[in-house]
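A look at the structure
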Protein chains: 2
Amino acid sequence: MEVRIRLLKWSAGLPVAMINEKTAEHFGVHPNDRISIRTNSKKSEELIAILDTIGKFVKDGEIAVSSEVNSSLSLTNGQRADIFLAPLSESISFIKKKLVGKELKEKEIKKIIEDIVGNLLSEAEIAMFVSAMYTQGMNLKEIIFLTKAISETGEEISFKNKIVVDKHCIGGIPGNRTTPLVVSICAATGLIFPKTSSRAITSAAGTSDVIETLAKVEFSSKQLKKIINKANSCLVWGGGLGTVPADEKIIKIERMLNIDPEAQLLASIMSKKIAVGSNHILIDIPFGEHAKINKEKALRLKKEFEGIARYFKRKIKVILTDGNHPIGKGIGPSLEMRDILKVLNQDKDKPLDLESKSLFLSGEILEMTQKAKKGKGIEMAREILESGRAFSKFKEIIEAQEGKIKKLPLARFKKNIFSKKAGIIKRIDNKNVKFLALSAGCPTDKLSGVYLHVKAGDKIKKRQKLMTLYSESRLRFNQAKKLLKKENIIILKQHN
Amino acid sequence: MEVRIRLLKWSAGLPVAMINEKTAEHFGVHPNDRISIRTNSKKSEELIAILDTIGKFVKDGEIAVSSEVNSSLSLTNGQRADIFLAPLSESISFIKKKLVGKELKEKEIKKIIEDIVGNLLSEAEIAMFVSAMYTQGMNLKEIIFLTKAISETGEEISFKNKIVVDKHCIGGIPGNRTTPLVVSICAATGLIFPKTSSRAITSAAGTSDVIETLAKVEFSSKQLKKIINKANSCLVWGGGLGTVPADEKIIKIERMLNIDPEAQLLASIMSKKIAVGSNHILIDIPFGEHAKINKEKALRLKKEFEGIARYFKRKIKVILTDGNHPIGKGIGPSLEMRDILKVLNQDKDKPLDLESKSLFLSGEILEMTQKAKKGKGIEMAREILESGRAFSKFKEIIEAQEGKIKKLPLARFKKNIFSKKAGIIKRIDNKNVKFLALSAGCPTDKLSGVYLHVKAGDKIKKRQKLMTLYSESRLRFNQAKKLLKKENIIILKQHN
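To keep things clear, this report deals only with the structure shown in the data block. In this text, all values refer to a predicted model and were calculated from it rather than measured experimentally.

1. With respect to the side chain of T147(B)
All names here are of chain B.
- Positionally, T147 belongs in helix α6 (residues 140-152).
- Using a relative accessible area of 0% as the deciding quantity, one classes T147 as buried.
- Here the side chain of T147 touches I143 through a polar contact of 2.7 Å, landing on its backbone oxygen.
- The contacts of T147, once residues within four sequence positions are left out, are A267, M270, S271, I274, I308 and F312.

So this is what it looks like as structure tokens:
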């Protein structure tokens, strides 16, 4: 039996074909199968499409195809074709090889990544790949091949400059929005700093969410080059550039499975740096008992980052920082941007920890790029910040990204939280403060979040203001207040 | 921000909601996310739905919901609601626990299976579960809990009879269609034999595909009971009964990933037997150098089957048979049915190996159920077959399943394959003969397949007819002929 083609004016983003359930049964195919469609004409061609089954819309013996199928096969309505279950991609066997703990070769990893980019692997199959990396791990050689494959399957952006700077902080610490400050300080010296960031995946805000309170962050690679021409730096969302399409698809599945294999974490970060041609890279790994990453893992990651950079001949500095506490006062896109503007503006109530960490990171980059002499980086960074040159550069970036500096409003609903007793603050729980900000509406409602009035080590009195909760939705505000009652966010030292 | 509900007269089989991409971005949600929809009314209710994003069909700030959402929340058009990213199911953490090699508790396995049945796990998440079972394995205790959970989450079918018989053959051997013969022989003695089978997954035919050449195989559990009332046995498709919904979903993913974890293989078989109340079970494990299963695995599976049966207090007999060669002459739904009818009819050219294996298996069941004295089972089975009582019973079953016995036609296209030289046949390759039948159109084109005129051990002359290839489609016929040239299907003994 053959099927009759029915052309649809319907674009699905990838080749999709629909048949009804009876026809599917006849051919022994199922929804989500990849089928091979072959026309019976002389120049016999073939195309792999994802199959969907549908009720009455498609008649028995008919196959409705999306415009992507038509553009590859140049079909006519009513034309006859034969359908087959497409053979499994070879990459499935490579994924299985990793799943049973074997080392993958470069060409095997490359094939998997190419098939992910080419829509030849389903979400379930990508999930098997993520599971395999998670359970079996990858050695440095495999991680390097993965990084290479991810950066090679996307668009490349190159700059003529000898020095191209980049930084990355492995997330998980609330607040900690050093990137806009570090980029502004370093770029003020003329360094090329094409910084791409992510949106929040599981956190209250990603750098892109924060920048979006003032400017656009989604640009094509062509637009990115224009921004760099204007401001010699940028603060854009990496997802829109098309430099690492495989990474985006893998991250989508990781997010669904809530697992983050180390190999993919490393390849994800480094492939983006490779794709934009960065050659002086600073990596910040906050670690600690109350951070996502413990000391052992931090040291292992450091070594792996250095190994990847060595292979790709990039200069790298990996620093381990204290990840036990939130950094800055605001947690949530808008509240974090308010903190950044306070530091840039040198306001009296600027968050000192955010400022000093940003100066430290900037200092490292200024020394690495030989803009500052050894040991003089922080000093130079401070001078750039205090002189207002960093703020000018930040304004330039925001304007190049079609935004402007403005005072950000506070959210509609607000609640102050006071201490019940006096004491000394032992720590502020990273995880619980994040959940509080998420339940208040972060990162989607940009004005929501938590503002911390105190920090670890502070001596507090009874009924002192500890934090303020902000939300734009009454429902979420109430939900967050409920969480406040249940969770211990600000932890006092125990008296003996 | 809230969304406005738009009700659709659209049933998706499970709760699905659609918003446009802009709204999705605003809420920070993505296609395939599970979202929680909450109405703002006083009796605040919540429902988890799968999110889809769509172009122009849905307006900004609008959410279109399938009828399944509406029936649970009783919404009105234009009603306001809030959407949240639904919290991850707890079962994700149990799957991760297995992925890192830890033993799962009964309640953890139960939760995973319940979530699979309740549509709370996506295909990617089920793929992670399948990957975890595949890479880490499960111990007997876990396999028992898995079997229990799979059979408990479906419909149960019970019979009042003290003895309920079942059999299962672990597939992979072309031909080998003993089930219709064994069921007919044993049921002729009055035994209750509610046999459910699968369709082909990766083979040229499943028992259901073969029975379908004469009768219907899809029935509800209620209809199944009626069939058993008429014929005290049946030969139906297990998938339609709703007894093991989790199994069907897991198998779909296994098929996609092309992996078949042992734990799931065992649980899949045994949960179906438990669900229909079978208490005398015969398991046939064909093994060998040229079979899917080697001796070591066959012996391990035997032990595990026995362990599961012991837990559920079912009588079981597991036999290991020779799996190195195809059984019977026909391979493909219709050709296999022709073989079965020849055996039932005691035709001169009946396939002797299929007959003798069926008599052996029937004999085991007759002895296990004490219908025959020890050592007298095969004899009794032969008497039932030769007397025509087995054929009468088979007719009864086919008629109870709304079919009738008829002569089956041969396919439109046919090609005889002859030997190029004289010699002795060493073996007929299971895998290659399967691929040949698949490429000819099996299992969907029921008339296609391969008919073997010779078997292992036969002395053949030059230009002797070895096999016949059948197909209904010219395209597939040509494809199969190409394969014939490439692959070595009938292997001769080497002369020294």
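2. Points about the nonpolar core
- Counting 106 residues, the largest nonpolar core has F305(A) and F305(B) as its most contacted members.
- Judged by nonpolar contacts, the second largest core, of 56 residues, contains V164(B), L181(B), C186(B) and I327(B).

3. Quick notes on the packing of helix α13 (residues 333-344) of chain A against helix α16 (residues 389-400) of chain A
Residue and element names in this part refer to chain A.
- Between α13 and α16, the shortest axis-to-axis distance is 9 Å and the interhelical angle comes to 135°. On the basis of their axis angle, the class for α13 and α16 is oblique. Between α13 and α16, the contacting residues are M337, L341 and L344 on the first element and A390, F391 and F394 on the second.
- Among the residues making up the contact of α13 with α16, the classes are represented as six nonpolar, no polar and no charged.

4. Concerning the interface of chain A and chain B
- Contact with chain A, which involves 46 residues of that partner, is made by 46 residues of chain B.
- Together, the buried faces of chain A and chain B total about 3800 Å²; carbon and sulfur atoms form 53% of this surface.
- When the buried surface of chain A facing chain B is broken down by residue, R255(A), M256(A) and L475(A) rank first, second and third, together holding 15% of it.
- Linking chain A to chain B there are two salt bridges.
- The salt bridge involving D82(B) is made with R476(A); its shortest N-O contact spans 3.4 Å.
- Joining chain A to chain B, the criterion identifies 10 residue pairs in polar contact (both at pLDDT 80 or more).

5. Re the relation of the copies chain A and chain B
- Taken as rigid bodies, chain A and chain B are interconverted by a rotation of 180° and an axial shift of 0.1 Å, the fit giving an RMSD of 0.1 Å. Read as a symmetry element, the transformation amounts to a two-fold axis. Distance from the rotation axis, computed per C-alpha, reaches its smallest value in chain A at A124(A): 2.0 Å.
- With an isologous cut-off of 70% or more, the 100% of interface residues of chain A that recur at the interface of chain B puts this contact in the isologous class.

6. A look at the environment of G171(B)
All names here are of chain B.
- In this fold, G171 is placed in the loop between β7 (165-169) and α7 (179-187).
- Taking the relative accessible area as the measure of exposure, G171 reaches 43% and is therefore partly exposed.
- Sequence spacing of G171 and A187 is 16 residues, and the spatial spacing of their C-alpha atoms is 23 Å.

What counts as what
Residues numbered from 1 in each chain as written. Chains lettered and ligands numbered in written order. Predicted model: local features only at pLDDT ≥ 70, side-chain atom pairs only at ≥ 80, totals over all residues. Heavy atoms only, no water. Helix = DSSP H or I, 4+ residues; strand = E, 2+ residues; numbered from the N terminus. Buried < 20%, exposed > 50% of the residue type's maximum accessible area, 1.4 Å probe, protein only. Polar contact = N/O pair within 3.5 Å; in protein donor to acceptor, adjacent residues only side chain to side chain. Contact = heavy atoms within 4.5 Å. Core = buried A, V, L, I, M, F, W, Y, C linked by side-chain atoms within 4.5 Å. Axes fitted to C-alpha atoms, helices over the stretch in contact; angles between N-to-C directions. Parallel < 35°, antiparallel > 145°, perpendicular 65-115°, else oblique. Nonpolar A, V, L, I, M, F, W, Y, C, P; charged D, E, K, R; others polar. Buried area = accessible area lost by both parts, 1.4 Å probe. Salt bridge = Lys/Arg side-chain N within 4 Å of Asp/Glu carboxyl O. Least-squares fit on C-alpha atoms with pLDDT ≥ 70 in both.

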